[in-house]
2 protein chains.
Amino acid sequence: MRYELYYHPTIPGRGELVRLALEEAGADYVDVARKSGKTGAPAMFKIIEDRRAARPPFAPPFLKVGQLVIAQTANILFYLGPRLKLAPRDEAGQLWLNQLQLTVTDFVVEIHDTHHPIGSWLYYEDQRPEAKRRSKGFWRYRVPKFLGYFEQVLRKNGGTYLVGRRLTYVDLSLFQIIDGLRYAFPKRMKRLEKKIPGLVALHDRVAARPRINAYLASKRRIAFSEWGIFRYFKELDG
Amino acid sequence: MRYELYYHPTIPGRGELVRLALEEAGADYVDVARKSGKTGAPAMFKIIEDRRAARPPFAPPFLKVGQLVIAQTANILFYLGPRLKLAPRDEAGQLWLNQLQLTVTDFVVEIHDTHHPIGSWLYYEDQRPEAKRRSKGFWRYRVPKFLGYFEQVLRKNGGTYLVGRRLTYVDLSLFQIIDGLRYAFPKRMKRLEKKIPGLVALHDRVAARPRINAYLASKRRIAFSEWGIFRYFKELDG
């Protein structure tokens, strides 16, 4: 089965959480919006704006599998998990994995909103003082709560994976979270890392997996930038 | 099977989306944190703070079913849906329903953040100008986008339900969204309603269903207030 992934072509964003799962599994997939010309980004917007579609996505990323179009990152991963062998087989395990992934989803919104607290419809430059204020509290209250929680879950499960005895998609997502926070908040993150040794080690193990390692070195990996979820602004880094 | 629902005892919040599903189905459930004394709210915090738990919830709401503890609103509803006959039976239908519910989840965060754009760790009074600014853009850009999307999905599906040919849990959640927006932004909502006739009619049909109607008139229904997701502040209502 060939998977078609649709996401903004120039930012890692939420699409990267799906891409990491496809890459780790060695799945046969095509990154549609990154193809050039009319088969690239216009193809993505064509699906979103298709007024005749019975089940239109609200926003990217979405995955096309035959006639099925699946949107919402956690929903895509829930679908892919068992098929890519990146999820437990039992229902209770899959619910627990989904629960953790939805907590990652919540965290991603809060990370994004550090630089856009007033609204995604405004430029960062139009909400800079508010972004400084939100970032300060975010690092004081929210990062310790979220990462402390995942660190605890990881430790309770033996320290190697968050769920079960094999790698799952939430391990890959947490790799991306750690990687992105290091990019966006290098100083703050450096101070925090001693408190989350398990997650830091998980990040390094994921990065060293053969397929992920090759992927990260390839042109398919999109670099962090001034756009997307994880953005670096010196004044937000404490 | 008896379900135990755990959520803050005095606000409707995200817990209400689960409660509406349990009520519509006539399920056997107990609202644990609303019981008085040690079996009430302390029981909820005991589970959240249990350091020995292998699969602790990050936050309420969560549902206890035998030994299983399930958190994250959309995850709880995904579990309950087929069991309460509030979801389609086929996988594609369940994924589509979950996708819509996760879009409701995103919308709920944005509704909450109209009054808390800088952070949930601060009082509203400490972020009032920012809340006014965020609310203005939220109503200009985000409400039309979200509710316009759900209106379109409803219409495409025939106008009675969002998914399939029977009531599902996302219909109940949209009832609560419309109800909450009317409470929090009465003036703005009144102006918008003519653009979403399908959702307004859905709200009324849900409210008139025998079990929901009885529930809304009961003491089990928690009123909106100055706390939770939907809060009324005159200055945010345009």
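Here we summarise the structure given alongside this text. Keep in mind the model is a prediction, meaning the values are calculated, not measured. (Residues numbered from 1 in each chain as written. Chains lettered and ligands numbered in written order. Predicted model: local features only at pLDDT ≥ 70, side-chain atom pairs only at ≥ 80, totals over all residues. Heavy atoms only, no water.)

Looking at the packing of helix α4 (residues 91-115) of chain B against helix α5 (residues 128-156) of chain B
Residues and elements named next belong to chain B. Applicable threshold: Working convention: axes come from line fits to C-alpha atoms, limited for helices to the stretch in contact. Angles between N-to-C directions cover 0 to 180 degrees. What counts as a helix is a DSSP run of H or I of at least four residues, what counts as a strand is a run of E of at least two, and both are numbered from the N terminus. Throughout this description, any angle smaller than 35 degrees is read as roughly parallel, any larger than 145 degrees as roughly antiparallel, any in the 65 to 115 degree range as roughly perpendicular, and the remainder as oblique. Two helices that cross are described as forming a left-handed crossing if the nearer one is turned anticlockwise from the farther one by less than a right angle, and a right-handed crossing if clockwise. Contact criterion: two residues are considered in contact whenever any of their non-hydrogen atoms come within 4.5 Å of each other. Polar here means any residue other than Ala, Val, Leu, Ile, Met, Phe, Trp, Tyr, Cys and Pro, which are nonpolar, and Asp, Glu, Lys and Arg, which are charged; Gly is therefore polar.
Viewed as axis vectors pointing N to C, α4 and α5 meet at an angle of 165 degrees, and their least axial separation amounts to 9 Å. Relative to α5, the element α4 lies roughly antiparallel. Two packed elements cross with a definite hand, and for α4 against α5 that hand is left-handed. Residues Trp-96, Gln-99, Leu-100, Thr-103, Val-104, Asp-106, Phe-107, Glu-110, Ile-111, Asp-113, Thr-114 and His-115 of α4 form the contact with α5, whose own contacting residues are Ala-131, Arg-134, Ser-135, Phe-138, Arg-142, Val-143, Phe-146, Leu-147, Tyr-149, Phe-150 and Val-153. Class assignment for the residues of the contact of α4 with α5 results in 13 nonpolar, 5 polar and 5 charged.

Brief notes about the relation of the copies chain B and chain A
Basically, it comes down to this: C-alpha atoms of residues with pLDDT of at least 70 in both copies form the basis for the least-squares superposition of the copies.
Between chain B and chain A, the superposition needs a rotation of 180 degrees and an axial shift of 0.0 Å, giving an RMSD of 0.0 Å. When the rotation and shift are considered jointly, the pair of chain copies conforms to a two-fold rotation axis. Across chain B, the rotation axis passes nearest the C-alpha of Pro-117 of chain B, at a separation of 2.8 Å. In this assembly, 100% of the residues forming the interface of chain B have copies in chain A that are likewise at the interface, indicating an isologous arrangement.

Thoughts on the pairing of strand β1 (residues 3-6) of chain A
Residue and element names in this part refer to chain A. Quick reminder of the rule: DSSP calls a pair of strands paired once it identifies at least 2 bridges connecting them. The definition of a right-handed crossover adopted here requires that, viewed with the strands pointing away, the path from the first strand over the helix to the second runs clockwise.
In terms of strand pairing, β1 meets strand β2 (residues 29-31) through 3 bridges, oriented parallel. By the bridge assignment for β2, Tyr-3 is matched with Tyr-29. Each parallel crossover has a hand, and the one from β1 via helix α1 (residues 15-24) to β2 is right-handed. Pairing analysis gives 3 bridges linking β1 to strand β3 (residues 62-65), with the strands arranged antiparallel. Within β3, the residue paired with Tyr-6 across the bridge is Phe-62.

A word on the environment of Leu-162 of chain A
All names here are of chain A. Formally: Three exposure classes are used, based on accessible area relative to the maximum for each residue type with a 1.4 Å probe and protein chains only: buried under 20%, partly exposed in between, and exposed over 50%.
Its location among the elements puts Leu-162 in the loop between α5 (128-156) and α6 (169-184). Its relative accessible area of 1% is what places Leu-162 among the buried residues. Excluding anything up to four places from it in sequence, Leu-162 contacts Trp-96, Leu-100, Phe-150, Val-153, Leu-154, Asn-157, Val-170, Asp-171, Leu-174 and Leu-202.

Purely geometric numbers; function is a separate question.
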